[in-house]
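Observations on chain architecture
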Amino acid sequence: MYPSDLNDAEWVVLEGEARAMMAELVKATGRPMVHDLRAVLDAIGYVIRYGIEWRALPIDFPQHAAVYAFFLRWSRRGLPERLAGRLRGRLRLMAGRGELPTAGCIDSLAS
């Protein structure tokens, strides 16, 4: 286990949303994932946290080519942003707020 890995509590929060996103992805491409979803997300987290090349992933993660292909498939469809939005909405509801923010701030430098 690496410091960048999801802990069990984080995985409990993320798993349902991540699996729902995977179901959407499989419908779009038709090919189910053969690697463990949590292991792939941990591998992506490792690359992001440590700024390494995909090929430098430790061997206890899934193969770097598979992790990178997964990352590309998710990213091209905007799934990381949508996942973050879903999780943010859940956290807002748990805090007793509306799922979507209702206020905004616009700042502009007039020249």
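See the structure printed just above.
Residues numbered from 1 in each chain as written. Predicted model: local features only at pLDDT ≥ 70, side-chain atom pairs only at ≥ 80, totals over all residues. Heavy atoms only, no water.

**Quick word on the overall build of the protein chain**
Broken down by element type, the protein chain carries 4 helices and 0 strands. For the protein chain, the sequential pattern of α-helices and β-strands runs α-α-α-α. In terms of C-alpha radius of gyration, the protein chain reaches 17 Å, well past the compact-globule figure of 13 Å for 111 residues. Considering only C-alpha atoms, the protein chain reaches an extent of 50 × 35 × 30 Å along its principal axes. (Helix = DSSP H or I, 4+ residues; strand = E, 2+ residues; numbered from the N terminus. Rg over C-alpha atoms; globule rule 2.2 N^0.38 Å.)

**Re helix α4 (residues 79-94)**
The terminal C-alpha atoms of α4 lie 22 Å apart, and with 16 residues this matches the ideal 22 Å at 1.5 Å per residue to within 8%. Immediately downstream of α4, the backbone of Gly 96 shows phi near 80 degrees, a positive value. (Expected span 1.5 Å × (residues − 1).)

**Describing the packing of aromatic side chains**
For the coordinates displayed, the defined rule picks out 7 aromatic pairs. By the ring-pair criterion, three or more aromatic residues cluster together here, those being Tyr 2, Tyr 46, Tyr 50 and Phe 61. (Phe/Tyr/Trp six-rings, centres within 6.5 Å; stacked < 30°, edge-to-face > 60°.)

**Re the nonpolar core**
Counting 23 residues, the largest nonpolar core has Leu 14, Leu 37, Leu 41, Leu 57, Val 67, Phe 70 and Trp 74 as its most contacted members. Of all elements in the fold, only α1 (8-29), α2 (37-50), α3 (64-76) and α4 reach the threshold of two or more residues within this core. Per element, the largest residue contribution to this core is 7 residues, and it comes from α2. Apart from residues no more than four positions distant in its own chain, Leu 57 is found in contact with Ala 43, Tyr 46, Val 47, Ile 52, Pro 62, His 64 and Val 67. (Core = buried A, V, L, I, M, F, W, Y, C linked by side-chain atoms within 4.5 Å. Buried < 20%, exposed > 50% of the residue type's maximum accessible area, 1.4 Å probe, protein only. Contact = heavy atoms within 4.5 Å.)

**Description of the side chain of Arg 92**
In this fold, Arg 92 is placed in helix α4. Although buried, Arg 92 forms no salt bridge, and the nearest oppositely charged side chain, Glu 99, lies 8.5 Å from it. Reaching out from Arg 92, the side chain makes a polar contact with the backbone oxygen of Gly 98 at a distance of 2.7 Å. Once you skip the residues sitting within four places of it in the chain, Arg 92 turns out to touch Arg 97, Gly 98, Glu 99, Leu 100 and Pro 101. (Lys, Arg positive; Asp, Glu negative; His and termini not counted. Salt bridge = Lys/Arg side-chain N within 4 Å of Asp/Glu carboxyl O. Polar contact = N/O pair within 3.5 Å; in protein donor to acceptor, adjacent residues only side chain to side chain.)

**Here's the deal with the pattern of salt bridges**
Scanning the entire structure with this criterion turns up 4 salt bridges. With a shortest N-O distance of 3.5 Å, Arg 86 and Glu 17 are connected by a salt bridge. Residue Arg 86 is found in helix α4, and its partner Glu 17 is found in helix α1; the two are separated by 69 residues along the sequence. A residue is classified by how much of its surface remains accessible, and Arg 86, at 27% relative accessible area, is partly exposed. With its nearest N and O atoms 3.7 Å apart, the salt bridge here joins Arg 90 to Glu 17. Linking Arg 90 in helix α4 with Glu 17 in helix α1, this pair joins segments that are 73 residues apart in sequence. Look at Glu 17 and you get buried, because its relative accessible area is 16%.

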